[in-house]
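# Results of the structural survey
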Amino acid sequence: MSIAIQIAYLISSILFVLGIKMLNKTKSARQGNRLSALGMFIAILATLVQIQVISFVEIFACIVVGAAIGLYYANKVEMTKMPEMVALFNGFGGLASFSVALSDYFLRTNVNLESIELVTVISIIVSVFIGGVTFTGSIIAFLKLNGNISGSPITFKGQHPLNLALFLSFLTAATFTVIDQTDPVLIIVLIVISLVLGVLTVIPIGGADMPVVISLLNSYSGMAACATGFILNNNVLIVAGSLVGASGIILTQIMCKAMNRSLVNVLLGGFGQTVSSAGEDGPSITVKEIGVEETAMLFDSVSSVIVVPGYGMAVAQAQHVIRELMEQCEKRNIDFKFAIHPVAGRMPGHMNVLLAEANISYDKLIEMESINDEFPNTDLVLIVGANDVVNPAARNNPQSPIYGMPILNADKARTVIVSKRSMGKGYAGVENELFGYPNCLMLLGMPNKPLQK
Amino acid sequence: MSIAIQIAYLISSILFVLGIKMLNKTKSARQGNRLSALGMFIAILATLVQIQVISFVEIFACIVVGAAIGLYYANKVEMTKMPEMVALFNGFGGLASFSVALSDYFLRTNVNLESIELVTVISIIVSVFIGGVTFTGSIIAFLKLNGNISGSPITFKGQHPLNLALFLSFLTAATFTVIDQTDPVLIIVLIVISLVLGVLTVIPIGGADMPVVISLLNSYSGMAACATGFILNNNVLIVAGSLVGASGIILTQIMCKAMNRSLVNVLLGGFGQTVSSAGEDGPSITVKEIGVEETAMLFDSVSSVIVVPGYGMAVAQAQHVIRELMEQCEKRNIDFKFAIHPVAGRMPGHMNVLLAEANISYDKLIEMESINDEFPNTDLVLIVGANDVVNPAARNNPQSPIYGMPILNADKARTVIVSKRSMGKGYAGVENELFGYPNCLMLLGMPNKPLQK
Amino acid sequence: MSSEALIILIYILVLASFLGFELIAKVPPTLHTPLMSGSNAISGITIVGALLACNEMGYVTLSKWLGMIALVLATINVVGGYTVTDRMLKMFKKK
Amino acid sequence: MSSEALIILIYILVLASFLGFELIAKVPPTLHTPLMSGSNAISGITIVGALLACNEMGYVTLSKWLGMIALVLATINVVGGYTVTDRMLKMFKKK
Ligand SMILES: NC(=O)c1ccc[n+]([C@@H]2O[C@H](COP(=O)([O-])OP(=O)(O)OC[C@H]3O[C@@H](n4cnc5c(N)ncnc54)[C@H](OP(=O)(O)O)[C@@H]3O)[C@@H](O)[C@H]2O)c1
Ligand SMILES: NC(=O)c1ccc[n+]([C@@H]2O[C@H](COP(=O)([O-])OP(=O)(O)OC[C@H]3O[C@@H](n4cnc5c(N)ncnc54)[C@H](OP(=O)(O)O)[C@@H]3O)[C@@H](O)[C@H]2O)c1
């Protein structure tokens, strides 16, 4: 490899690091993402310079096709469909690493007829495994989120022992592959087990837990890129792969912590079944309803409003209506803010993206820690499609499955209006006692309609 | 190099990283320092295993001598003498890198008679330069702080052009060394210029600015270790050296920012001369004095006290008296806290170390940002030997040289008592208008005496 | 690969992982969705491997086809990932 | 040193420097004095170079003496630096 190409790879590694570093401020984030894209461009150019020219036509054809598909989906997808999109792309990334590893394996065993070095064989096996699991796992996650297959956990007896048995078989086959590198049967066994394990580990997990799974699989795709780096002895793959690996793990941790569940608990699956039965025997709550007219009148008499958005706002696409409400309130000098819970919605930062889409300035979105003290001095809290993230049971009721999860203290405000379709439960499947509080009024119906006062 | 030794170096690099990471919490800091020491121990062991056994006696003799000296000073030094100590050790580190580079140079040119590779020659020259500057620069800093030579800036006409000329000569000699590697005259020129430049760049800087200089030189000693790593093609030197290099640069930045001066301004030297003249024509301030008895009486009537320690406390070693005061106040249920300004004293974190020495729990030491809002609700603020860090001119007076520096809002408290020897000025050499405020009382005399009520 | 070369790759792996943890822990929750899609785009770096694999065309048919599949998929991942992240970040505005 | 080996050393330099900046920016002001003396002790890693230089004894007298000087100084830096940092950190107590 010539020194110029090496330096180009070094520069693109630095650009990836800087790009991620600049994501730590909203102001610099966009430029950071562009730097990171520039890094990718440099890495691709350097690689193109390095390879022989014979196959340029095929290469360009592949790139054009890939870029066209990528651009099309990236521009078409709705903001509410982000989790699905990341899942799909992530699956593609995993399959790419998987294919590169296999391509390299067949080249080495069939043409060069060299005995492959230990490190390389191991890296190939790791890359096939992680890449395969990432691929099928992400596709299942995508199908669940997209509603193509049922979002409810698919469990069967002996599931975990079966997974364990498959994993042990994989290890055995891997060991034999290290010894006899050229046996095609062994490599097919490795491929099949990886793909099957990806499916089996994701199907028992409920659709609502998919964001955690996707974030974890994102981390895996980074690790697969790392393993490919070890196969090809290429530093930029290792640097970029490690950064992605770390990113996925941290996001996963953040989500689990904010949901007050352990990663193991999420991965073992079947969440939501025990809870729904527990919810039934709770005392039925009597609520006070409020109509659209009365709500509009209430707004005339307040001076400060905090909006708590939740998953329901995302589904109903109510963010634009809320923007209009905000503009009207600001015309009347009503103080108007948003309280953003770290796991409101179904993806970390979900609400921020949707509200940004509706053209709401990001300095109006206040994070949980900063705004929790302000609720007691607030005249009116409007909860739009949020449920779990304002459930006081997380503070008061040690029996509740969400006990200990940090929540927004919306119940402390003078008046609370909850706008949602029905008395339906949220993600965690628990009753929300807030709805029965004396200062709480229910505004039932699709959240996007009634607010058009 | 055998694989075992390589792995040992890898482990010690990881231990250095973890050690510095654990310094981010007071609780884990001590263990972090020990992990880092363990990393050093492993690196030394690995190196000993690697070298041939012929010279073990000399090596052990050197290690024993060095360890004895190091242990002796480390256990003897007073906590107020920390800046001097770091300066001295830092100089030793620089000289060590300098000697290693030269040792390697003479070996390669005289014995192996090989032509040295370009990268290695350049690394040797860089290591000699940085190591040499670090050595003499640190020694001058030590002598200034220790009072062996005058702390006031030593300036003469043509100082900066002379430094520039020397630096350019160095570059010229370095270029020729790259071409003719074996010329002993050239290498002597390089050595002499490095050592002279270290002296010349530090003498024009005032004694009070030495902490900034030391922190910068600390960064240099890390870079020198890095350069040595390039000479010896050794990763652990590069990792450890980079960490130290980064640490020194950040601490330097923090100090400059908190003093509201640029690094260039510090390094060009001569600070304090213009300022003292500016101070003279300010209106003379009339102050109200208070005696020891009256102070004791005041303490009887208050329910909350914040102590603001400064450089004067360090010099007077008043921290132990304050601890006693704290114990008496706590017996009477008076709320007692410390407000720590980031550049109180003469070294970052200076006050924290001294108060810790006096056995004061670190959760009583509150940082500036957190405590500034509490002053208006505080009955009594006791300023012990601090001056610049509570000077309201930094907020009010755009003409003041310290304007813009963040300060502790001690003047907002109901009553302020200032305990210092005289009406003397602080580090920045400016009058403090706080002393003339209606709520401010002066308790003059050595701060350690009068507080023994 | 010599053991020295391997160790050095491990150094890079370890340092980059530590660095990744430190950098990402600082990203505010507001930006977690763009972070997820942006880092997903970075994982498309495997496109470098795909290009090298395509280059093996003509030698082994299987390797060639696998390389081409990998190239198309990795390009989708890279181009789509960066574009959608940019689209999202463009919306974050302060008024 | 081949250019490949050099580039890899630069990778390590760059990653470790970035990591250093991130880690040290997180150290609270309370611990800045111990940080200064502790990182000073780490810079004594040049002791590894000093040991290797001492090993060249018997070949060139000058190299030998320079190595021995370096070894004594680096040992002072390492042992003294860690000891005094430990002494300081021992005093930080919460009651
Ligand atoms: N953000 C993340 O990263 C993340 C990841 C995984 C899990 N989670 C979990 O998600 C929950 C988020 O809390 P949240 O308060 O934002 O929302 P939520 O509690 O999950 O649900 C809020 C309300 O949205 C309405 N809703 C549910 N599905 C709907 C649909 N398809 N169409 C229209 N409305 C629908 C429901 O009320 P109605 O039926 O009455 O309208 C529900 O009560 C937390 O429990 C959190 O742990 C978050
Ligand atoms: N911490 C750092 O990292 C650092 C580094 C470089 C510079 N600085 C600068 O140092 C200053 C620190 O402010 P500060 O409020 O702590 O202290 P200060 O303003 O420098 O001085 C406080 C008081 O200490 C007394 N004093 C000075 N020398 C003394 C001595 N030899 N013996 C006894 N008392 C003496 C003086 O009052 P009396 O003569 O009346 O007793 C002086 O007014 C800031 O200006 C900062 O920018 C700090």
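Rules of the game
- Residues numbered from 1 in each chain as written.
- Chains lettered and ligands numbered in written order.
- Predicted model: local features only at pLDDT ≥ 70, side-chain atom pairs only at ≥ 80, totals over all residues.
- Heavy atoms only, no water.
- Helix = DSSP H or I, 4+ residues; strand = E, 2+ residues; numbered from the N terminus.
- Buried < 20%, exposed > 50% of the residue type's maximum accessible area, 1.4 Å probe, protein only.
- Contact = heavy atoms within 4.5 Å.
- Areas by Shrake-Rupley, 256 points an atom, 1.4 Å probe, with all protein chains shown as cover.
- Lys, Arg positive; Asp, Glu negative; His and termini not counted.
- Charge placed at Lys NZ, Arg CZ, Asp CG, Glu CD.
- Near = heavy atom within 4 Å.
- Polar contact = N/O pair within 3.5 Å; in protein donor to acceptor, adjacent residues only side chain to side chain.
- Nonpolar A, V, L, I, M, F, W, Y, C, P; charged D, E, K, R; others polar.
- Buried area = accessible area lost by both parts, 1.4 Å probe.
- Salt bridge = Lys/Arg side-chain N within 4 Å of Asp/Glu carboxyl O.
- Domains from an automatic or database assignment.
- 1 Å grid on protein atoms, 1.4 Å probe; cavity = no way out; pocket = protein on both sides within 12 Å on 5 of 7 lines; lining within 4 Å.
- Points joined across faces, edges and corners; volume = space filled by probe spheres on them.
- pLDDT = per-residue confidence, 0-100.
- Pairing = 2+ DSSP bridges.
- Axes fitted to C-alpha atoms, helices over the stretch in contact; angles between N-to-C directions.

## Here we look at the overall build of chain A
Looking only at helices and strands, chain A has 17 helices and 7 strands in total. Projected onto its principal axes, the C-alpha coordinates of chain A cover approximately 80 × 50 × 30 Å. Across the 453 residues that make up chain A, the buried fraction comes to 57%. Taking the contacts inside chain A whose residues are at least 6 apart along the sequence as the reference set, 77% of them involve residues at least 24 apart. Split by element, the accessible area of chain A, about 18,000 Å² in all, is 62% carbon and sulfur. Taking the average place of the 27 positive charges on the side chains of chain A and the average place of its 30 negative ones, the gap between the two points comes to 4 Å.

## Let's talk about the site of ligand 2
Residues and elements named next belong to chain B. Close to ligand 2 lie 26 residues; Asn-387, Asp-388, Arg-421, Ser-422 and Tyr-427 are nearest. The contact in question runs from a nitrogen atom of ligand 2 to an N or O atom on the backbone of Met-347, over 3.1 Å. Note that an oxygen atom of ligand 2 is positioned 2.6 Å from one of the side-chain N or O atoms of Arg-421. Broken down by secondary-structure element, the contributors of at least two residues to the shell around ligand 2 are helix H9 (235–259) and helix H13 (311–316). Tallying contributions element by element places H13 first for the shell around ligand 2, with 3 residues. Grouping the constituent residues of the shell around ligand 2 by class yields 13 nonpolar, 8 polar and 5 charged.

## Here we look at the interface of chain D and chain B
Contact with chain D, which involves 82 residues of that partner, is made by 104 residues of chain B. Here chain D meets chain B over a buried area of about 8,400 Å², counting both sides, of which 74% is carbon and sulfur. At the surface where chain D touches chain B, the tally comes to 2 salt bridges. One salt bridge in this structure joins B:Arg34 and D:Asp86, with 3.2 Å as the shortest N-O distance. On inspection of chain D and its partner chain B, the count reaches 17 residue pairs in polar contact (both at pLDDT 80 or more). At the level of secondary structure, the elements contributing two or more residues to the side of chain D that touches chain B comprise helix H1 (3–25), helix H2 (32–42), helix H3 (47–54) and helix H4 (61–91) of chain D. It is H4(D) that provides the largest number of residues to the side of chain D that touches chain B, a total of 29 residues. Of the residues belonging to the side of chain D that touches chain B, the class tally is 50 nonpolar, 23 polar and 9 charged.

## A few points about the domain arrangement of chain A
Residue and element names in this part refer to chain A. Domain annotation of chain A identifies domain 1 (77–275) and domain 2 (292–452). Taken together, the contact pairs 14 residues of domain 1 with 21 residues of domain 2. For the domain 1 and domain 2 pair, buried surface summed over both sides reaches about 1,500 Å², with 72% attributable to carbon and sulfur atoms. A per-residue breakdown of the area domain 1 buries against domain 2 is headed by Met-79, Thr-80 and Ala-258, which together make up 31% of the total. The tally of links from domain 1 across to domain 2 stands at 0 salt bridges. Our enumeration of links across domain 1 and domain 2 arrives at 0 residue pairs in polar contact (both at pLDDT 80 or more). Of all elements in the fold, only helix H4 (82–112) and helix H9 (235–259) reach the threshold of two or more residues within the side of domain 1 that touches domain 2.

## Here's the deal with the interface of chain C and chain B
Every contact between the two is made by 10 residues of chain C and, on the other side, 14 residues of chain B. Roughly 1,000 Å² is buried in total at the junction of chain C and chain B, and carbon and sulfur atoms are behind 72% of that figure. Contact with chain B buries area across many residues of chain C, yet C:Ile7, C:Tyr11 and C:Phe18 alone supply 53% of it, more than any other trio. Counting across the chain C and chain B interface gives 1 salt bridge. For C:Glu22, the salt bridge goes to B:Lys21, with nearest N and O atoms at 2.6 Å.

## What about empty space enclosed by the protein?
Across all of its chains, the model carries 7 cavities of 30 Å³ or more by this definition. Of the volumes computed, that of the largest cavity is approximately 70 Å³. Around the largest cavity, the lining residues are B:Gly19, B:Ile20, B:Leu23, B:Gly32, B:Asn33, B:Ser36, D:Leu35, D:Gly38, D:Ser39 and D:Ile42. Every element with two or more residues in the lining of the largest cavity is listed here: helix H1 (3–22) and helix H2 (26–50) of chain B together with H2 of chain D.

## Some details on the confidence of the model for chain A
Residue and element names in this part refer to chain A. Across chain A, the average pLDDT comes to 86, with 93% of residues at or above 70. The lowest-confidence element of chain A is helix H11 (residues 273–280), averaging 40 in pLDDT; the highest-confidence one is helix H1 (residues 3–22), averaging 94. Segment residues 272–282: pLDDT under 50, and 7 contacts once partners within four positions in sequence are set aside and those in other chains are kept.

## Topic: H3(D)
The element H3(D) is extensively covered by neighbouring structure, given that 8 of its 8 residues are classed as buried. Of all the residues in H3(D), the buried ones are D:Ile47, D:Val48, D:Gly49, D:Ala50, D:Leu51, D:Leu52, D:Ala53 and D:Cys54.

## Quick look at the sheet that holds strand E5 (residues 380–384) of chain B
Residue and element names in this part refer to chain B. Strand order in this open sheet of 7 strands is E1-E7-E6-E5-E2-E3-E4, and the pairing throughout is parallel. Edge positions in the sheet fall to strand E1 (288–289) and strand E4 (365–367), since each of these pairs with one other strand and no more. Of the strand pairs in this sheet, strand E3 (residues 335–340) and E4 are connected by 3 bridges, and their pairing is parallel. Counted as the bridge partner of Ile-340 is Glu-367 from E4. Where helix H14 (residues 319–331) meets the sheet, its contacts fall on strand E2 (304–309), E3 and E5, and the angle it forms with E3 comes to roughly 145 degrees. The strands that helix H15 (residues 350–357) touches are E2, E3 and E4; relative to E3, the one it contacts most, it runs at about 145 degrees.

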